[in-house]
Amino acid sequence: MANYFPSTGESGLPQLEGTVIQGKSGKVLLQSANGKMRLRNQYSEERKTGIIKHYLTDAQLSTLQTFYTANENIAFNFTYAADSTVYVCMFSDAIKAVPKTGGYYDVTVSVFIP
């Protein structure tokens, strides 16, 4: 299983503020035709999702995109810098990169924890 980039070091991609792993209960509040409220559970247990934020150069973005292409449909290990927890993740969306001045990009990577 591949490892997502470390948040420090020469080969690392620093995780920015806004990187988060969060739980989703799957509870949905619905209103029936007679006006009564119902609570529906979409999952049998809590699911986790994540947003990984980076500020990258052209070269770093290219490296990340290569990793994405190679691991787009398979699980990989991700170490959350905030607490050093290792999660087994999968990409849940394509990489979003917003160009900034000086050849840098604000990058958002969406993942889910199966």
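Structural data are supplied above this passage.
The following paragraphs examine the structure supplied in this document. Note that the structure is predicted; figures quoted are calculated from it, not measured.

## A few points about the overall build of the protein chain
- On a plain count of helices and strands, the protein chain comes out with one helix and nine strands.
- Ordered by position from the N terminus, the helices and strands of the protein chain form the series β-β-β-β-β-α-β-β-β-β.
- Relative to the compact-globule value of 13 Å for 114 residues, the protein chain shows a C-alpha radius of gyration of 17 Å, a clear excess of over 25%.
- If you line up the protein chain on its principal axes, its C-alpha atoms span 60 × 30 × 25 Å.

## Topic: the pattern of salt bridges
- Following the criterion strictly, the structure yields two salt bridges and no others.
- A salt bridge links K96 to D93; the shortest N-O distance between them is 2.5 Å.
- Relative accessible area serves as the criterion here: at 42%, K96 is assigned to the partly exposed category.
- Taking the relative accessible area as the measure of exposure, D93 reaches 38% and is therefore partly exposed.
- The partner of K100 in a salt bridge is D106, and the shortest N-O contact between them spans 3.6 Å.
- Judged by relative accessible area, which is 39%, K100 ranks as partly exposed.

Basis of the calculations
Residues numbered from 1 in each chain as written. Predicted model: local features only at pLDDT ≥ 70, side-chain atom pairs only at ≥ 80, totals over all residues. Heavy atoms only, no water. Helix = DSSP H or I, 4+ residues; strand = E, 2+ residues; numbered from the N terminus. Rg over C-alpha atoms; globule rule 2.2 N^0.38 Å. Salt bridge = Lys/Arg side-chain N within 4 Å of Asp/Glu carboxyl O. Buried < 20%, exposed > 50% of the residue type's maximum accessible area, 1.4 Å probe, protein only.

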